[in-house]
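Coordinates in review
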Amino acid sequence: MALSLLIASSVILICVIFNKISGKLGVPVLLAFILLGMTFGSDGIFKIPFADFPFAEKICSIALIFIMFYGGFGTRWSEAKPVAVKSVLLSTVGVAATAGITGLFCRFALSMLIGSVISSTDAASVFSILRSKKLGLKENTASLLEMESGSNDPCSYMLTAIMISAMNSSVSGLEILYLIFAQFVYGIVIGVVIALGARFVLTHFKFSTEGFDAVFVLGVAVLSYALPSVISGNGYLSAYIVGIILGNSDIKNKQSMVHFFDGLTGLMQMLIFFLLGLLSFPSSLPQVFPAALAI
């Protein structure tokens, strides 16, 4: 137990230091976390044996909840509204088109599944670049990219779920249509209801202990994912919508919440990409490198 905590704390501290110096070295910070994970992994210097994919999936799913929520929370609707339609088209039609084109290119048995998994841009990477570099892009391009990146992950997640269901011969076409309906409708409706309820509490009640409002919003973010997911809704879409509504509402101590979720989201990004590196086996990469590079 103590040794595990020692390793975990060391990794967190190293990631924080990497976050500070990676820009000066010219290495993208999230790529640095992957390389760090490889260094600690089975083929790396420290040779930590780790191939627990179910555990990694659970941790990364939890981390993505906060990334998606904060992606919405930090979106200024006044800037995003003019490009909302374009963003939605890119994150739905664009994701489906990317998945289809990639799937046709692969022409493997699992081609559409591969296309669905990689069809969306990485929200964590886009948010990190846009917010750390403060890029002054023309014609609301930054808002377009930010909103599209935040909304395409739920679409990619839904498309992947559909492909897995379609590969199951026991699942009927009607069940797949219901899955599409449930993912969109339950995710949107539940997200709006939770956001409005949370906004009411935050604007009409005063918490007895300072800082508990941030803890309350933390619980709301988790609830916004969990509740629709229980009934086959899209939890990530719900979390993103809750983030947008709360982030554009006049609530108390919003600035302190921004700082809180900024740090938390940064930690989640480090965790996801470190685990990706930890799960990889560099010695096996040359075998798949040509196909991966082509894709």
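Here goes a summary of the coordinates provided. (Residues numbered from 1 in each chain as written. Predicted model: local features only at pLDDT ≥ 70, side-chain atom pairs only at ≥ 80, totals over all residues. Heavy atoms only, no water.)

This next bit is on the overall build of the chain. Check the secondary structure of the chain and you find 13 helices and zero strands. Starting at the N terminus, the α and β elements of the chain follow one another as α-α-α-α-α-α-α-α-α-α-α-α-α. Residues classed as buried in the chain amount to 41% of the 295 residues present. (Helix = DSSP H or I, 4+ residues; strand = E, 2+ residues; numbered from the N terminus. Buried < 20%, exposed > 50% of the residue type's maximum accessible area, 1.4 Å probe, protein only.)

Okay, the packing of aromatic side chains next. Going through the model one piece at a time under the given rule, you end up with 13 aromatic pairs. Geometrically, the ring pair formed by Tyr157 and Tyr236 is edge-to-face, given 5.3 Å between the ring centres and 85° between the ring planes. One end of the pair, Tyr157, is in helix H8 (residues 141-167); the other, Tyr236, is in helix H11 (residues 235-247), with 79 residues separating them in the sequence. The partly exposed category is assigned to Tyr157, whose relative accessible area is 34%. Relative accessible area serves as the criterion here: at 5%, Tyr236 is assigned to the buried category. Taking 6.4 Å as the distance between ring centres and 75° as the angle between the ring planes, the aromatic pair formed by Tyr178 and Tyr186 counts as edge-to-face. Among the residues examined, Tyr178 registers a relative accessible area of 43% and is labelled partly exposed. (Phe/Tyr/Trp six-rings, centres within 6.5 Å; stacked < 30°, edge-to-face > 60°.)

Right, let's talk about the nonpolar core for a bit. Grouped together as the largest cluster of nonpolar side chains are 39 residues, with contacts concentrated most on Phe69, Leu246 and Met257. Examining the composition of this core, we find that 11 residues originate from one element, helix H12 (residues 254-279), more than from any other. Phe69 has contacts with Val217, Ala221, Ala239, Val242, Gly243, Leu246 and Phe261, leaving out every residue within four places of it along the chain. (Core = buried A, V, L, I, M, F, W, Y, C linked by side-chain atoms within 4.5 Å. Contact = heavy atoms within 4.5 Å.)

Most peptide bonds take the trans configuration, and most residues that are not glycine carry a negative phi. A positive phi is found at Ser232, a non-glycine position, where the angle reads about 70°. Considering the arrangement of structural elements, one finds Ser232 in the loop between helix H10 (212-230) and H11. Even without glycine at this site, Asn253 takes up a positive phi of about 55°. With respect to the element layout, Asn253 can be found in the loop between H11 and H12.

All right, on to the side chain of Thr265 then. When you line up the elements, Thr265 lands in helix H12. Taking relative accessible area as the criterion, Thr265 reaches 4% and is therefore assigned buried. Setting aside chain neighbours within four positions, we find Thr265 in contact with Phe66, Ile67 and Tyr70.

What follows concerns the pattern of salt bridges. Within the structure shown, the criterion is met by one salt bridge. Among the salt bridges present, the one from Glu79 reaches Arg76, with a minimum N-O distance of 3.5 Å. On the basis of relative accessible area, Arg76 is assigned to the exposed category, the value being 56%. (Salt bridge = Lys/Arg side-chain N within 4 Å of Asp/Glu carboxyl O.)

Its location among the elements puts Leu104 in helix H5 (residues 84-106). Judged by relative accessible area, which is 66%, Leu104 ranks as exposed. Expressed as a C-alpha distance, the spacing of Leu104 and Gly115, which sit 11 residues apart in the sequence, is 8.6 Å.

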